[in-house]
Each structure stands twice: as structure tokens, then as C-alpha cells.
Amino acid sequence: MKKKIISMAMVTVLSLSLAACGSNPDNSSSGNSGSSDKKGSSSEVANKDKPLVWFNRQPSNSSTGELDMTALSYNDDTYYVGFDANQGAELQGTMVSDYIKNNIDKIDRNGDGVIGYVLAIGDIGHNDSIARTRGVRKALGTGVEKDGDTNSDPVGTNTDGSASAVKDGEIEAGGKKYVVRELASQEMKNSAGATWDAATAGNAIGTWSSSFGDSIDIVVSNNDGMGMSMFNAWSKDNKVPTFGYDANNDAVAAIADGYGGTISQHADVQAYLTLRVLRNALDGADIDTGIGTADDAGNVLSDDVYVFDSEHRSYYALNVAVTSENYQDFTDSTKVYEPVSKQLDKGSHASKKVWLNIYNASDNFLSSTYQPLLQNYDDLLNLEVDYIGGDGQTESNITNRLGNPSQYDAFAINMVKTDNAASYTALLNQ
């Protein structure tokens, strides 16, 4: 099996900052084999012993980032699938910084020598959101230390540079030094409690632009849903480059109209892995089958698109920056990844039933990119999947619809909050 390796010592150091959808993972040892007794029908296996994959939201403490290893090792066929959040966050920050340096002659719109940016924060308790906020602040030099890492708190309004959660950075370009300032940032949470809310972001840019619009030179968002809302509401017409994350179809297409860039978290690889680990466990196959080792149809991933952290039973897709230079390669975010696009034989891989939920049916990335990819892969992997869409606010809105887990062979769970894994495993323990 092809693997990327980092030291176990580094994994230990980083374990408290693992992101809900990824981390800086260890991929130094091979995965466990799926249990061979999983080939029976759903009624022959206790629910607590059925394959389970957590995806997109890694079971963890939302305050400290510490992983919930009880959930991640719930049974022998439990895994997590996400992406390397810290690597992606660093990429986003670097993408913004490089853009400023390469376009310095037109970035400072009001000529005051200050490159001002505003930041849309998705969820202050979500480790992906925390990582992306930190990534931008580190790259732009605006971060300040808090509890051993870069502060990820929103600053509210900071047009005078006095906020304590950030500091003024400095960038040199074109033979001149510029101040870099986070003019404003806030969590985009609506009145009903849903986070990562695009409409709230659109309203925020309206408020910010009416108060200090001439000072806004860059718009940055923790995801494309909020980024596109701000882009369409204000920054497109005012030619202010906007940067997001997720490489959703609309955001990639908008790069031609001035959207600054986005980050692809290889959703095509993530969606495949989400269902592949279940397929392997259901078949009683080694977990690496069709991942690092070719399956009987020839599906296999190269080691430059994912890593496996065996200690934390987690698969992470790697990220790619999408800019004006390469965006045409990312125009269809729902296209399956060609190296793993071959149909499995139904005789050797019998159809199985999977219960899978999306935490928020209105989430732009999960509903318009991730779920369509899952629906493409479920046919290729001979899985009959029931897709459940939540309201993005309460766990019970989802768990109430897992009333009869005995009718399913496996489960794929996307929590509302990363702390709430026990809400789901409790149902499987009954």
C-alpha cells in the first residue's frame, strides 16, 4: 500500500488541534481488515457491530479539538473520512497572500497603504472553521497567539486596528510595505441557530460595505457558500476579489467573473472513501482494497490524493488551490474521480443497504457537491443508500429518523456538532 508517513511524535503533538474534517494525519501503518462475518444480511448482525463511517465532521471536542476515540473506535469497522484541514487552511491563506503580492498595483483601492480584508467565519466551534481562520491570519501576519495557537475568535469591527484578537500585519510588494488589517469578522449564524449561513454573510457584507466599503480590498470566507453570497451581494460589482473554500461549481465558474479563488478538498475522493470503507467492511475485505490496493475492478487511489492515519482510524483527502490559472479543470465538482470510477461486479459485491445523513440539507457544499458524488458512487459500489437531510440545527432532527437501524447493513453519519457522536451510537446500542 502506498502511504505518506509523518512521525508518531508529530501526530501526538497535533492531536489537540485536529480539525473536524481533517488533521495533519499519520499514515505510517496499514489499516485493519474488515471483519469477515459482515457478509450476512442486516438482520443477522447486531446494529452495534455494523460498519460505521463518520464523515465531514470528525468526532471531537468542539472546544479543544481533542478527538473522541470512543466514537472513532466504536467497533472494528468504524472509520472517519474527511480532508486534511490544516493543509487546506494553509493553502487558502497562501492563495490570498500570493494574490495580494501579485496584484498589489490594484489591490489598495483607496490608496491608504492598508490592505483591508473582511472575514466570514462559519462556526466558531467547528474545527474546520477554526483552522481556516487561523490559516488566513497566519499567512497575512494578522494572527495573535492564544492558548498556544493562533486566535480564531471573531473581532467584530476593527477598522482602527485596535482589536485584541488580531494584529496588523505587514506585506512587502512592488518595493513598498503595506499594512494588512482584518477590518471585520463574525460568525455567520442565523437567528434559528444554523451556522455557515450564506444569507447571514450576504447581510454582513452589506453592513460592512455601507460603513467602510472603500477600505475593503479583499473578502475571505471559510467556505464558498458564504463567499458566493458576499460576492453576489457586493464584491462582484465592486471588483473586490473574494476567496472561499470547497470548489463548489458556482464558485469555480465565478472565477471567470472575478472570484479570487477557492480550495478543492477533493470531494470526489472523500465521497468515494466514505462509501468504500463501508463496502470493504461489508465484503469482509481488507480496508485498503480499492484505496491503496487495486480492487478486482481496478479501482485504486494514488498516494498524492489522500493519507490514512491508522492511529485515529481516519482517512483524509488532500487539498488543491483553484485559481484563475487552473479553474477550468474543476468546473464539474460532481464528476467521479476517474481512477475509482469502475463498476463493481454485483455477483462478488452484493447489494447492501446504507443509512446516510447530511447534517444540513441546505448546506451548499454537502447538498450540491458531496451528496451528488455519493449518489454516483453508490451505484458503482452496489450500495442502496437512504439519504437523510437534517436542518443544520439539532441532532434530534436527524436521529429521530433512525428509528429502525436493523433494516440497514451500515451507517454513514454527518453530525450537526462534533461532540454529539453518542447521540447516534446510543441508537445502535439498543
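Use the structure listed above.
Residues numbered from 1 in each chain as written. Predicted model: local features only at pLDDT ≥ 70, side-chain atom pairs only at ≥ 80, totals over all residues. Heavy atoms only, no water.

With that out of the way, let us pick up the nonpolar core. If you look at the biggest cluster of nonpolar residues, it comprises 104 residues, and the most contacted ones within it are Trp54, Trp208, Ile216, Leu301 and Tyr315. For this core, the element with the most residues is helix 9 (residues 267-283), which contributes 9 residues. Apart from the residues lying within four places of it in its own chain, the contact partners of Tyr315 are Tyr79, Tyr80, Val81, Gly82, Leu273, Val277, Ile287, Ile291, Tyr306, Val307 and Phe308. With 11 residues, the next largest nonpolar core counts Ala254, Tyr259, Val322 and Phe330 among its residues. (Core = buried A, V, L, I, M, F, W, Y, C linked by side-chain atoms within 4.5 Å. Buried < 20%, exposed > 50% of the residue type's maximum accessible area, 1.4 Å probe, protein only. Helix = DSSP H or I, 4+ residues; strand = E, 2+ residues; numbered from the N terminus. Contact = heavy atoms within 4.5 Å.)

Let us now look at the pattern of salt bridges. Overall, the coordinates contain 10 salt bridges when judged by the stated rule. Between Asp128 and Arg132 there is a salt bridge, with the nearest N and O atoms lying 4.0 Å from each other. Here the residue Asp128 and the residue Arg132 both occupy positions in helix 5 (residues 127-140), the gap between them amounting to 4 residues, near one helical turn. The residues Asp128 and Arg132 share a single accessibility class, namely buried. (Salt bridge = Lys/Arg side-chain N within 4 Å of Asp/Glu carboxyl O.)

Reading across from one edge, 12-13-2-1-17-15-16 is the order of the 7 strands in this open sheet, with mixed pairing throughout. Strands at the two margins of the open sheet, each flanked by one partner only, are strand 12 (306-309) and strand 16 (383-389). The average angle at which neighbouring strand axes cross in this sheet is 20°, direction not considered. Docked against the sheet, helix 10 (residues 364-380) engages strand 1 (52-55), strand 2 (78-83), strand 15 (352-358) and strand 16, running at close to 160° with respect to strand 16. Along the sheet face, helix 12 (residues 421-429) touches strand 1, strand 15 and strand 17 (410-413) and points at about 165° away from the line of strand 1. (Pairing = 2+ DSSP bridges. Axes fitted to C-alpha atoms, helices over the stretch in contact; angles between N-to-C directions.)

Further remarks concern unusual backbone geometry. Positive phi, close to 55°, is recorded for Asp147, a residue that is not glycine. Mapping Asp147 onto the fold places it in the loop between strand 4 (145-146) and strand 5 (149-150). Even without being a glycine, His266 presents a positive backbone phi close to 50°. As for its position among the elements, His266 is in the loop between strand 11 (262-264) and helix 9. Judged by relative accessible area, which is 12%, His266 ranks as buried.

Relative to the 20 Å expected for 14 residues at 1.5 Å per residue, helix 5 spans 20 Å between its end C-alpha atoms, a close match to the ideal helical length. Among the 14 residues in helix 5, 12 count as buried, and that is most of the element. Here helix 5 has its buried residues at Asn127, Asp128, Ser129, Ile130, Ala131, Arg132, Thr133, Arg134, Gly135, Val136, Arg137 and Leu140. Gly141 sits one or two positions beyond helix 5 and adopts a positive phi of about 75°. (Expected span 1.5 Å × (residues − 1).)

With respect to the secondary-structure elements, Asp108 resides in the loop between helix 4 (104-107) and strand 3 (114-121). Despite its burial, Asp108 pairs with no opposite charge, the nearest such side chain being Lys176 at 5.4 Å. At 3.3 Å, the side chain of Asp108 and the backbone nitrogen of Asp112 are in polar contact. Once residues lying within four places of it in the same chain are set aside, the contact partners of Asp108 are Gly113, Val114, Ile115, Tyr178 and Asp217. (Lys, Arg positive; Asp, Glu negative; His and termini not counted. Polar contact = N/O pair within 3.5 Å; in protein donor to acceptor, adjacent residues only side chain to side chain.)

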